[in-house]
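Coordinate analysis (summary)
The primary structure of each chain is shown beneath.
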Amino acid sequence: VELNHRQRKAWPAIKAQGRIARSRYQEIIGGNLPARTAIYDLQDLVSKGLLKKTGSGPATHYVVAEEGEPGQR
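Here we summarise the structure given alongside this text. (Residues numbered from 1 in each chain as written. Predicted model: local features only at pLDDT ≥ 70, side-chain atom pairs only at ≥ 80, totals over all residues. Heavy atoms only, no water.)

**Regarding the pattern of salt bridges**
Put simply, the rule is: A side-chain nitrogen of Lys or Arg and a carboxyl oxygen of Asp or Glu constitute a salt bridge if their distance falls within 4 Å. Strands here are runs of E lasting at least two residues and helices are runs of H or I lasting at least four, both read from the DSSP assignment and numbered beginning at the N terminus. The buried label applies to any residue whose accessible area, calculated with a 1.4 Å probe on protein chains only, is under 20% of its type's maximum; exposed applies above 50%, and partly exposed to all values in between.
Under the counting rule described, the total for this entry stands at three salt bridges. Here Arg6 makes a salt bridge to Asp41, at a shortest N to O gap of 2.5 Å. Here Arg6 is found in helix α1 (residues 5-17), whereas its partner Asp41 is found in helix α3 (residues 35-47), with 35 residues between them in sequence. As far as the burial class goes, Arg6 and Asp41 line up, both buried.

**Section: the environment of Lys48**
What counts here: In protein, a polar contact requires one atom able to donate a hydrogen and another able to accept it; more generally it is a pair of N or O atoms within 3.5 Å, and residues adjacent in sequence count only if both atoms are side-chain atoms.
Turning to its location among the elements, Lys48 is positioned in the loop between α3 and β2 (51-54). Once the C-alpha coordinates of Lys48 and Val1 are considered, the two residues, 47 residues apart in sequence, prove to be 7.2 Å apart. Within polar-contact distance, the side chain of Lys48 engages the side chain of Asp44 at 2.9 Å.

Right, here's the structure in full:
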């Protein structure tokens, strides 16, 4: 699975915490990452089967879907 540079930077923290919210993803990436970009990246990880989306609206979180590592599929 190919990840972009932001996803590669955030993946160790996501894996360690087991879940992540959009706001936390933005904190990890830094550099005033737009919310829309953060959501795009997280939804991309969902589409690749690495995360599962839970909740909706402000309560939305993304949970690690499996123990596999990116690039080892």
